[in-house]
Amino acid sequence: MEDKRKILVVEDEPDALEIFKDILSEEGFEVDGAEGGLVALERLVNAKYDLILLDIVMPDKDGISILEEIKRFPDKYGDTKVVMLTNIGGDLAVDKAMKIGASGYLLKSETEPDDLVNAVKQYLGLGA
Ligand SMILES: [Mg+2]
């Protein structure tokens, strides 16, 4: 595929990070991972992504702060969709993220591999 869509998965839980990366790689996306907020910011300096899956709760730098940084630079990140990864009970943070400009969110415990792939395709405008 010539214009392979590039995705960054930001998730501090190593097993979850690997699972998300594997699912999306198998689907043919080009996938990078970041195991925390600070690494995510480094990745964002060095590469351009079509979509970021962004965990909200992370110990070093949370997803809301990362989202704020991304939205501060529309010239650089205007084409990048950000989809938050959340757990049950994260409603307030999700509301905040949506107000800041996240494209959507996925509830991790209820997202099956097919759901993830379909959601990502939908956010990228690739059809489901
Ligand atoms: Mg987390």
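Structure's up top.
Now for a quick tour of the structure. (Residues numbered from 1 in each chain as written. Predicted model: local features only at pLDDT ≥ 70, side-chain atom pairs only at ≥ 80, totals over all residues. Heavy atoms only, no water.)

### What to know about the nonpolar core
Okay, so step 1: By size, the foremost hydrophobic cluster in this structure holds 22 residues, and its most contacted members are V10, L44, I52, L54 and M84.
Okay, so step 2: Elements with a minimum of two residues in this core: β1 (6-10), α2 (37-46), β3 (51-55), α3 (63-72), β4 (81-86) and α5 (91-100).
Okay, so step 3: Considering each element in turn, this core owes the most residues, 4 residues, to α3.
Okay, so step 4: Setting aside anything within four residues of it in sequence, one finds I52 in contact with L8, V10, L44, I70, T80, K81, V82 and V83.
Okay, so step 5: Within the second largest apolar cluster, 19 residues are counted, among which are A16, L51, L106 and V117. (Core = buried A, V, L, I, M, F, W, Y, C linked by side-chain atoms within 4.5 Å. Buried < 20%, exposed > 50% of the residue type's maximum accessible area, 1.4 Å probe, protein only. Helix = DSSP H or I, 4+ residues; strand = E, 2+ residues; numbered from the N terminus. Contact = heavy atoms within 4.5 Å.)

### Structural notes on the sheet that holds strand β5 (residues 104-107)
Okay, so step 1: Taken together, the 5 strands give an open sheet; going across it, the order is β2-β1-β3-β4-β5, and neighbouring strands pair in parallel fashion. Looking at the sheet topology across the chains shown, the edges are occupied by β2 (30-34) and β5. Put simply, the sheet's adjacent strands are angled 20° from each other on average, direction ignored.
Okay, so step 2: Sheet topology places β1 next to β2; 5 bridges connect them, and they run parallel. Note that in β2 the partner of L8 across the bridge is D32. (Pairing = 2+ DSSP bridges. Axes fitted to C-alpha atoms, helices over the stretch in contact; angles between N-to-C directions.)

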